[in-house]
Amino acid sequence: VTVGTTSISTGGSATTISGLSSVTSTDVNSTTTKATTIKTNATNRVAPVFQNSSGTEIGRICKAYVNFNGQGTVAIRDDFNVSSITDNGTGRYTINFSNNMADSNYTTSIGADGRSPNGRSVAIDYLKYDTTGVRISTIDVTSQYNSMTMADVILIGVAIFGNT
């Protein structure tokens, strides 16, 4: 690692550089097969903010996500910041967060297996939308779209984006 004109050899352990308020890099490359880790010294749950070179925010990371099987015994395939899924009956699931959201003003993006003779809908359930979790419903819709039946779905994906 070179900072200014100073070269630092990190060897096999982490190296701390004191007195830096920011580090600018065009590329961050990992020379191992592991992902590069970026840490913050913040003691609260503030997610990193991605900015362009002008300092304008251009993105944030996902606060929680889950991919799960909603048929039979509910089973999580992959997740981040999700402690469990509660099966609330046919086509009704609660996603429980491992770490609470800062507030209830987060955005939920959901999708599900759409294979149904007439079509399928996925919706957020107003009975549970708070800092600890969100409830969703999966529904089969008839061809006339005037009748709905709750349906368990084999593939459901949920992503949560929030301000902190």
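Because the structure is predicted, anything quoted here is derived from the model rather than measured. Each chain has its residues counted from 1, following the order in which its sequence is written. Restriction of local features to residues with pLDDT of at least 70 applies here, the model being predicted, together with a cutoff of 80 or more for giving and counting side-chain atom pairs; totals for whole chains, interfaces and linings are based on all residues. Derived side-chain values reflect all non-hydrogen atoms in the structure, with water molecules and hydrogen atoms excluded from consideration.

A. Fine view of the pattern of salt bridges. Whenever a carboxyl oxygen of Asp or Glu lies within 4 Å of a side-chain nitrogen of Lys or Arg, that contact is scored as a salt bridge. Here the structure, examined in full by the defined rule, presents one salt bridge. A salt bridge links K128 to D130; the shortest N-O distance between them is 3.1 Å. For D130, a relative accessible area of 27% gives the class partly exposed. Only protein chains enter the accessibility calculation, which uses a 1.4 Å probe; a residue whose area is less than 20% of its type maximum is buried, one above 50% is exposed, and one in between is partly exposed.

B. Region of interest: the pairing of strand β4 (residues 57-60). The sheet contact formed by strand β3 (residues 49-51) and β4 spans three bridges and is antiparallel. Bridge pairing links F50 to G59 in β4. Adjacent in sequence and paired antiparallel, β3 and β4 are bridged by five residues, among which G55 carries a positive phi angle near 90°. At least two bridges found by DSSP between two strands is the condition for calling them paired. Strands are runs of DSSP state E lasting at least 2 residues, helices are runs of H or I lasting at least 4, and numbering of each runs from the N terminus.

C. Layout of the packing of aromatic side chains. The aromatic pairing rule takes the rings of Phe, Tyr and Trp, using the six-membered ring of Trp, and pairs them if the centres are within 6.5 Å, calling planes under 30 degrees apart stacked, those over 60 edge-to-face and the rest tilted. Scanning all chains against the criterion turns up four aromatic pairs. Measuring from ring centre to ring centre gives 5.7 Å for F97 and Y106, while their planes differ by 80°; the resulting arrangement is edge-to-face. Neither residue differs from the other here; F97 and Y106 are each classed as buried. In this structure an aromatic cluster arises from ring pairing among F97, Y106 and Y129.

D. Highlighting the sheet that holds strand β6 (residues 75-80). Reading across the sheet, the four strands line up as β6-β5-β13-β9 and stay open at both edges, with antiparallel pairing between neighbours. With partners counted over all chains shown, the strands left at the sheet margins are β6 and β9 (107-112), one partner each. Between one strand axis and the next, the sheet turns through 10° on average, direction left out of account. Looking at chain direction, strand β5 (residues 64-69) and β6 are connected through five bridges and run antiparallel. Following the sheet pairing, N69 is matched in β6 by A75. Lines fitted to C-alpha atoms define the axes here, with helix axes fitted over just the stretch in contact, and angles between the N-to-C directions of these axes take values from 0 to 180 degrees.

E. Here's a closer look at unusual backbone geometry. The residue N81 is not glycine, and still its phi comes out positive at about 60°. Locating N81 in the fold gives a position in the loop between β6 and β7 (82-87). The class of N81 is buried, set by a relative accessible area of 11%.

F. Structural detail: the side chain of K128. In this structure, K128 sits in strand β10 (residues 120-130). Of note is the side chain of K128, whose polar atom sits 3.1 Å from the side chain of D130. In protein, a polar contact requires one atom able to donate a hydrogen and another able to accept it; more generally it is a pair of N or O atoms within 3.5 Å, and residues adjacent in sequence count only if both atoms are side-chain atoms. A polar atom in the side chain of K128 sits 2.7 Å from the side chain of T132. Ignoring anything within four residues of it in the chain, the contact list for K128 reads T94, G133, V134 and R135. We call two residues in contact whenever any of their non-hydrogen atoms come within 4.5 Å of each other.

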